[in-house]
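Spelled out, the chains give:
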Amino acid sequence: MSLRFHWMFPKGGEVAMKTAQETSRVLTTKSTSPAALPDMEGWTHFARSAEQAGIESVLLSFSRYEPDTMFVACAVGRATTKLKFIVAYRTGMHQPASFVQQINTLSALIGGRVALNIVAGSSTEEQRGYGDFLAHDERYARADEFLSVCNSFWRGGEVDFDGKYFCVERGKLLTPFLAPDRSAPEVYVSGHSEQAQQLARARGSCWLRLIDTPEKLRAPVARFRERGVEVCLRLCVICRPTREEAIEAAEALLPTDDIGRQERGILARSDSQTLKQALAVADEVGWLNRNLWAGLVPFYGSSAITLLGSPEELAEMFLEYKRIGVTQFIIAGWPKLQEMLIFGRDVLPLIRDAEQH
Amino acid sequence: MSLRFHWMLPKGGEVAVDAAQTPQEAARYRLQATSSTSPAPRPDMKGWTHFARSAEQAGIESVLISFSRYEPDPFMVACALGQDTEKLKFIVAYRSGLLQPTTFVQQTNTLSALIGGRVALNIVAGSSKAEQRGYGDFLAHDERYARADEFLAVCNCFWRGDGEVDFDGKYYRVEKGKLHTPFLAPGRSAPEVYVSGHSEQAERLALARGSCLLRVADAPGKLQPQVARMRERGVEVCLRLCVLCRPTREEAVRIAESLLPERDIPRQERIVAVKDDSQMYRESSAANGRGDGWLTGTLWAGLVPYHGPVWTTLLGTPSDIAESLLEYRDIGVTQFIMSGWPELDEVSTFGREVLPLVRRAEEGDEKRGA
């Protein structure tokens, strides 16, 4: 099987932004940020470029600072033909039946090009603004029930479920999940905690986690693959003709102290084990190996762990992950569009070439 | 203010784009729309786009997209169809027990920003017990209204946008809620909210939290007190009805009667039995006892006992229909959501034959008033 490459979808206004600093979470979460508004012009341009670059899907993130992911997928999906949409959604906000009805409708409207990234929750503060007062561990128990009900709807027939968080009696929905080769969406479950991993194995089709060194990932990836669940890594990429140029480009992204301090504040308030682990790594080591750098994490968040180097080095790194069983990647870069074009032009052909031999 | 005319969005597979469809065929389609073999559950962009453009041309302001387990999600449909249209607005029906209000507002606001603000809401407290339980909702009828009231209260707080939202109710609790994506529309910072239902709770909910009460048409004389109550409190009234317009009254009546079932359907099989909780359906069931079903000279409820209250039909010549609509305006009704057999033909007839008469009369009144 060929490796599958997805890209982070830019936030509103981001396609026109030139620097990493402009796209930082600190600025995104300000009420004046253009991230709050849909950006059909920028998005359509980006989406068509992604299709041309050989990117399979885009991941749309969910937060109170951004437009709703499902509707963005619907609008951009109607303006594209190949690109798929991995829609992030949190599980405490909907009855599973109405959630499935929305997903199924979306699938039918955009030729089945939709997958889910199920997130159990975010910071306690943000969850409470959404009316969710459960503690971290309970959110996973609820997410498990949620996906269990969703999966019952996707299997077909009447749905009966009597759980702690959800009850459904003789549920039925006539609009099916419509895709050329599937009757249910792929479900990516993200999170590093033990509960997230259990949820991914029990209810998901793919575990989505941050990149780490191949040595560290080998054992957990093997455990997932044994159970028939794929593993997808989140990472950033900086590709330049030489490693030295890539490092130079990476260091140029280091922002002002101000953004660093505020981002650290966001990280510290989170319940997420993923974020805590990533911050610890960044503080302790910085370089995870010759091509994997955590130096941007304190400024841009945990997903800023960056694979950098020449096209050949990057292609070889991706193939190394493939050898330990990783099958998919969700990538970001700065600026998002340019780095994606470089990836599609310089890195992807090397990988595809190697995969054929 | 001019009367505002909306239309029902046809269901999937209902619009015959390239072929003619008889009123009988259209009626049969609608009666079978909840069967598992109906095309209604599938989105039908071709038929919908065709209808939407015809509605825009006919002078129709909005389409109502209904919500049920037999159909695609109306929000998503509005999002897709909104990309392919320019003027038409979408009144999206949604039930209040299915998601957190914060999420609901985020979805509505996102949709508004994607389609130029052309979205309004039709909030429904619930449907039959069986259908509600299939959605995970086990509350009784009256409690659903109490929940819908809290739901809209939270939504309205977000739309007021005067800072973080805190709410501590029986059904919903929100702490320091905020959403950055605003409701974006020319001239509005919140959607119009149509509340539908015939029960006292529905009327209270519309008064407290809505901008318009949506109910089935009845004789102007019967509606007058309720309409006056609503208008006094600044809430509009919108009537749901079917329209059947023909060159002569006889022809309209003949076609309407041809939609009656061939044999009398035993009472227990009627749709009325299914919607056990609905005041609207209980009332329409009672209307069955009124003899021939004529509520006025132009308003016929003859189809209601068989197919439900929304089959209440205004029929006659273009001027019969225009006059009847103006009578509703005289008692304070401001909006209508219509339907016909087939939707496509009837909306075009309405736009061509009836609407100009209504507009001309409105202009005449304006001049006389000035």
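These numbers were taken from a predicted model, which means no experiment stands behind them.

What counts as what
Residues numbered from 1 in each chain as written. Chains lettered and ligands numbered in written order. Predicted model: local features only at pLDDT ≥ 70, side-chain atom pairs only at ≥ 80, totals over all residues. Helix = DSSP H or I, 4+ residues; strand = E, 2+ residues; numbered from the N terminus. Rg over C-alpha atoms; globule rule 2.2 N^0.38 Å. Buried ≥ 20, exposed ≤ 12 C-beta atoms within 10 Å, placed from the backbone. Contact = placed C-beta atoms within 7 Å. Nonpolar A, V, L, I, M, F, W, Y, C, P; charged D, E, K, R; others polar. Core = buried A, V, L, I, M, F, W, Y, C linked by C-beta atoms within 7 Å. Pairing = 2+ DSSP bridges. Axes fitted to C-alpha atoms, helices over the stretch in contact; angles between N-to-C directions. Parallel < 35°, antiparallel > 145°, perpendicular 65-115°, else oblique. Left-handed = near helix turned anticlockwise from the far one by under 90°. Expected span 1.5 Å × (residues − 1). Arc of directions from axis to C-beta. pLDDT = per-residue confidence, 0-100. Right-handed = clockwise from strand over helix to strand, strands pointing away.

**Remarks on the overall build of chain B**
Regarding its fold elements, chain B presents 13 helices and 12 strands. Taking 370 residues into account, the globule formula puts the C-alpha radius of gyration at 21 Å, and chain B, at 20 Å, falls close to it. In terms of overall dimensions, chain B has a C-alpha envelope of 60 × 55 × 45 Å along the principal axes. Here chain B holds 370 residues, and the buried ones make up 54% of them.

**Thoughts on the overall build of chain A**
If you tally the helices and strands in chain A, you get 14 helices and 13 strands. In terms of C-alpha radius of gyration, chain A reaches 20 Å, essentially the compact-globule figure of 21 Å for 357 residues. Its C-alpha atoms put chain A at 60 × 45 × 45 Å along the principal axes. Looking at the 357 residues of chain A, the share that counts as buried comes to 53%. Sequence-distant contacts, at least 24 apart, represent 74% of the contacts inside chain A between residues at least 6 apart.

**Focus: the interface of chain A and chain B**
On the side of chain B, 42 residues touch chain A, which itself brings 42 residues to the contact. Every element with two or more residues in the side of chain A that touches chain B is listed here: α3 (69-78), α4 (96-109), α5 (124-129) and β6 (167-171) of chain A. If you tally residues by element for the side of chain A that touches chain B, the top one is α4(A), at nine residues. Class assignment for the residues of the side of chain A that touches chain B results in 22 nonpolar, 11 polar and nine charged.

**What to know about the nonpolar core**
Residues A:C74, A:I331, B:V63 and B:C79 are the most contacted members of the largest nonpolar core, which totals 227 residues. In terms of residue count, the dominant contributor to this core is helix α6 (residues 141-160) of chain B (nine residues).

**Overview of the pairing of strand β12 (residues 335-339) of chain B**
Residue and element names in this part refer to chain B. Buried residues dominate β12, accounting for five of its five residues. What you see with β12 is no split at all: Q335, I337 and S339 on one side and F336 and M338 on the other are buried throughout. Inspection of the sheet shows strand β1 (residues 4-8) paired to β12 by four bridges, in the parallel sense. By the bridge assignment, R4 is partnered in β12 with Q335. Pairing between strand β9 (residues 236-245) and β12: five bridges, direction parallel. Directly across from L239, in β12, lies its bridge partner F336.

**Remarks on the packing of α4(A) against helix α3 (residues 74-83) of chain B**
It is the contact of α4(A) with α3(B), at a shortest axis distance of 8 Å, that shows an interaxial angle of 25 degrees. Considered as vectors, α4(A) and α3(B) are oriented roughly parallel to each other. For the element pair α4(A) and α3(B), the recorded crossing hand is right-handed. Of the residues in α3(B), those in contact with A:Q102, A:T105, A:L106 and A:L109 of α4(A) are B:F75, B:M76, B:V77 and B:A80.

**What to know about helix α2 (residues 45-58) of chain B**
Residue and element names in this part refer to chain B. Helix length check: α2 (14 residues) gives 19 Å between terminal C-alpha atoms against 20 Å at 1.5 Å per residue, within 8%. Turning to α2, its buried residues are G47, W48, F51, A52 and A55. All buried residues of α2 project into a common sector of 130 degrees when viewed along the axis, lining one side. Lining the buried residues of α2 we find β1, β2 (62-65), α3 and α13 (343-369).

**Notes on the packing of helix α12 (residues 318-330) of chain B against α13(B)**
Residue and element names in this part refer to chain B. One can describe the packing of α12 onto α13 by two numbers: an axis separation of 9 Å at closest approach and a directional angle of 45 degrees. The orientation of α12 relative to α13 falls into the category oblique. Here α12 runs over α13; the crossing is right-handed. In contact with P318, S319, I321, A322, L325 and L326 of α12, α13 contributes E353, V354, L357, V358 and A361.

**Here we look at the confidence of the model for chain B**
For chain B, mean pLDDT is 92; residues scoring 70 or higher make up 92% of the total. Model confidence for the complex: the whole-complex pTM is 0.93, and ipTM, which rates the interface, is 0.93.

**Notes on unusual backbone geometry**
For the bond running from A:W334 to A:P335, omega is -20 degrees, close enough to zero to count as cis. Structurally, A:P335 can be placed in the loop between β13 (328-332) and α14 (336-356). Following B:W341, the chain continues to B:P342 via a peptide bond in cis, the omega torsion being -15 degrees. The topology assignment puts B:P342 in the loop between β12 and α13. One non-glycine residue, A:R170, adopts positive backbone phi at about 50 degrees.

**Quick notes on the environment of B:A33**
All names here are of chain B. Residue position: A33 is located in the loop between α1 (23-31) and α2. Residue classification places A33 among the buried residues on the basis of 21 C-beta atoms within 10 Å. Along the chain, A33 and E71 lie 38 residues apart, while their C-alpha atoms are 8.8 Å from each other. Residues in contact with A33, not counting those within four places in the same chain, are K11, S38, A40 and Y70.

**Section: the pairing of strand β2 (residues 57-60) of chain A**
All names here are of chain A. Here β2 shows two buried faces, one formed by S57 and L59 and the other by V58 and L60. Pairing of strand β1 (residues 4-8) with β2 involves three bridges; the strand directions are parallel. From the neighbouring strand, W7 faces β2, where its bridge partner is V58. Across four bridges, β2 lies against strand β3 (residues 84-90) in parallel orientation. What sits directly across from L60, in β3, is V87. This β-α-β element, β2 to α3 to β3, shows right-handed connectivity.

**What about the environment of B:V119?**
All names here are of chain B. With respect to the helices and strands, V119 occurs in strand β4 (residues 119-124). Note: C-alpha distance between V119 and G308 (189 residues apart in sequence) is 27 Å. Not counting residues within four places of it along the chain, the set of residues in contact with V119 comprises A78, K89, F90, V92, T108, L111, S112 and P191.

**Section: the environment of B:T102**
All names here are of chain B. Structurally, T102 can be placed in helix α4 (residues 101-114). Taking the number of C-beta atoms within 10 Å as the measure of exposure, T102 has 26 and is therefore buried. Sequence separation between T102 and V154 is 52 residues; the distance between their C-alpha atoms is 7.7 Å.

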